[in-house]
Amino acid sequence: MEGMPLSAGGLRTLPWYVVCSQVLGVACVVITGVWMGHYQGGYAWDGSAQEFNVHPFCMVLGLVFLYGDAVLVFRVFRNETKRSVKILHALLHMMALIISIVGLVAVFDFHSSAKISHMYSLHSWCGMLTFVLFFLQWLLGLGFFLFPWASAQLRSWYLPLHVFFGLLLLVMSVGSCLLGITEKLLFSIMPTYSKFAAEGVLANILGLFLVCFGVVVGYVVTRDDFRRPPNPEEEALSVHFKTLSESEIPSSP
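One numbering rule holds for all chains: residues counted from 1, following each sequence as written. A pLDDT threshold of at least 70 governs which residues receive local features in this predicted model, and a stricter bar of 80 or more applies before side-chain atom pairs are shown or counted, although totals over entire chains, interfaces and linings include all residues. For side-chain calculations, the full set of non-hydrogen atoms in the structure is used, while hydrogens and water are omitted.

Peer 1: Sorry, what's going on with the overall build of the chain here?
Peer 2: Broken down by element type, the chain carries nine helices and zero strands. Reading the secondary structure of the chain in the N-to-C direction produces α-α-α-α-α-α-α-α-α. When a residue's accessible area, from a 1.4 Å probe over protein chains only, is under 20% of the maximum for its type it is buried; when over 50% it is exposed; and in between it is partly exposed. Looking at the chain as a whole, 47% of its 253 residues qualify as buried. Counting contacts in the chain only where the partners sit at least 6 residues apart, residues at least 24 apart contribute 72% of the total. Accessible areas in this description were obtained via Shrake-Rupley with a 1.4 Å probe; residue shielding takes into account the shown protein chains only. Just so you have it, the chain exposes about 13,200 Å², and 73% of that area is on carbon and sulfur atoms. Put simply, DSSP marks the helices as runs of H or I at least four residues long and the strands as runs of E at least two long, and each gets a number from the N terminus on. Contacts between residues were defined by any pair of non-hydrogen atoms, one from each residue, lying within 4.5 Å.

As structure tokens, this is what we get:
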């Protein structure tokens, strides 16, 4: 490794971090599926408790796993055309949005059928705030970057906010899931939770995996070595440009 640029050496580790993130993300989805399917009675769409089970599965799949992958695409596909990566980024976000809407409808329908109050818990407040901000982030991203209507100067101003809120929303999604896991365990197995019941241990492992997934994705996205290399041919169509004062805009999100 002597004489090798730091960025070149660092790039060799990128595939390992990406693989690690995918293993953790898939494990989160599978564990959620097993928890709701095996310990909570499976899935249905009839207003029963089994319809509620659709909610955590969809939220982990949509707002954590698919959302995290959408955040990663600019690092994973570093050498593809920026427009292609933007389209993939937007499509993954759209899939996450649709799946999350299904999860929200499921929990509201269950609460209505069971005559349970809506939006009373900290989990529901944090979760709804996360979803609303995610929806706004997706709409603004489409408007500013995929179908740009704003001036280059306005896009350059919004880009750091888009990147910041992208990571913040992943943190909020994981945090909302952790609140939801704790709430569900206290409702379902409070008498046996402290006795290390198998369901409680499985749910705790899910929580740890969710945190690890968020940490790995956050590390990959914030590490400078993993940023997209500048492409002069794309600069004219990109939001990454020199301002009139010749100050540099960061070369990639």
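Still more ground to cover, so stick around.
Peer 1: Which parts of the structure should I look at to understand the pattern of salt bridges?
Peer 2: Side chains that differ in charge, positive against negative, can pair when their charged atoms come close. Between Lys or Arg on one side and Asp or Glu on the other, a salt bridge is scored when a side-chain nitrogen of the former is within 4 Å of a carboxyl oxygen of the latter. Throughout the structure, instances matching the rule amount to two salt bridges. The shortest N-O distance in the salt bridge between Arg-223 and Asp-225 comes to 3.3 Å. Exposure remark for Asp-225: the relative accessible area of 16% places this residue in the buried category. Residues Arg-227 and Asp-224 are paired through a salt bridge, measuring 3.2 Å at the closest nitrogen-oxygen approach.

Peer 1: What's the story with helix 5 (residues 82-114) in this structure? I'm lost.
Peer 2: Given 3.6 residues per turn, any residue in an α-helix points the same way as the ones three and four places further on. Taking 1.5 Å per residue as the helical rise, helix 5 with its 33 residues ought to reach 48 Å, and the 48 Å between its terminal C-alpha atoms agrees with that figure. Just beyond helix 5, the residue with positive phi is Lys-115, at close to 55°. In a helix, the anticipated span is given by 1.5 Å times the number of residues less one.

Peer 1: Looking at this model, I keep getting lost on a nonpolar patch on the surface. Mind explaining?
Peer 2: On the surface, Trp-45, Ile-87, Leu-91, Met-94, Ile-98, Ile-101, Val-102 and Val-105 cluster together into a nonpolar patch covering about 670 Å² of accessible area. Tracing the backbone shows Leu-91 in helix 5. Patch membership needs two things, relative accessible area over 30% and no salt bridge, and members are linked within 9 Å if like-charged or within 5 Å if nonpolar (Val, Leu, Ile, Met, Phe, Trp, Tyr).

Peer 1: What exactly am I supposed to notice about helix 2 (residues 14-39) here?
Peer 2: Along its 26 residues, helix 2 runs 37 Å from first to last C-alpha, staying within 8% of the 38 Å computed at 1.5 Å per residue. Positive backbone phi, approximately 95°, marks Gly-41, located one or two places after helix 2.

Peer 1: Explain the packing of helix 7 (residues 152-193) against helix 8 (residues 198-222) here, please?
Peer 2: If you want to describe how two helices pack, look at the angle between their axes and the distance between the axes. Structural elements are reduced to axes, namely lines fitted to C-alpha atoms, with helices fitted over the stretch in contact, and the angle between N-to-C directions of any two is expressed from 0 to 180 degrees. At a closest axis distance of 9 Å, the pairing of helix 7 and helix 8 adopts a crossing angle of 175°. Taken as axis vectors, helix 7 and helix 8 run roughly antiparallel relative to one another. Any residue outside Ala, Val, Leu, Ile, Met, Phe, Trp, Tyr, Cys, Pro, Asp, Glu, Lys and Arg is labelled polar, Gly included; the first ten of those are nonpolar and the last four are charged. Here the residues of the contact of helix 7 with helix 8 are counted per class, giving 15 nonpolar, seven polar and one charged. Put simply, angles under 35 degrees are roughly parallel, angles over 145 are roughly antiparallel, angles from 65 to 115 are roughly perpendicular, and the rest are oblique.

Peer 1: Would you mind showing me how to read unusual backbone geometry here?
Peer 2: Most peptide bonds take the trans configuration, and most residues that are not glycine carry a negative phi. Its identity is not glycine, yet Lys-115 carries a phi of approximately 55°, on the positive side. With respect to the helices and strands, Lys-115 occurs in the loop between helix 5 and helix 6 (122-146). Judged by its relative accessible area of 76%, Lys-115 is exposed. Look at Met-119: it is not a glycine, yet its phi comes out positive at around 55°. As for its placement among the helices and strands, Met-119 is situated in the loop between helix 5 and helix 6. Residue classification places Met-119 among the partly exposed positions, given a relative accessible area of 30%.

Peer 1: Where do I start with the confidence of the model for the chain in this structure?
Peer 2: For residues with low pLDDT, the predicted coordinates do not support detailed interpretation. The pLDDT score gives, residue by residue, the confidence of the prediction method on a 0 to 100 scale. For the chain, the average pLDDT comes to 89, and 87% of its residues sit at 70 or higher. Note that pLDDT drops below 50 for residues 1-6; the model gives that stretch five contacts with residues more than four away or on any other chain. Contacts from residues 236-252, a stretch scored under 50 in pLDDT, to residues over four places away or in other chains number 32 contacts.

Peer 1: Honestly, the side chain of His-111 in this entry has me stumped. Any pointers?
Peer 2: For His-111, the position within the fold is in helix 5. Classification of His-111 by relative accessible area gives buried; the value is 15%. When residues no more than four places from it in sequence are discounted, the contact partners of His-111 are Ile-116, Ser-117, His-118 and Tyr-120.

Peer 1: Looking at this structure, I do not really get the side chain of His-123. What am I missing?
Peer 2: Residue placement: His-123 occurs in helix 6. Polar contacts involving the side chain of His-123 include one to the main-chain amide nitrogen of Gly-180, which spans 3.3 Å. Each residue touching His-123, except ones within four places of it in the same chain, is listed here: His-55, Ser-176, Leu-179, Gly-180 and Glu-183. Between N or O atoms, a polar contact is any pair within 3.5 Å; within protein, one atom must be a potential hydrogen donor and the other a potential acceptor, and residues adjacent in sequence are included only when both atoms are from side chains.

Peer 1: Sorry, what's going on with the environment of Cys-20 here?
Peer 2: Checked against the element boundaries, Cys-20 lands in helix 2. By relative accessible area, Cys-20 is classed as partly exposed at 33%. Along the backbone, Cys-20 and Cys-212 are 192 residues apart, and their C-alpha atoms lie at a distance of 9.5 Å.

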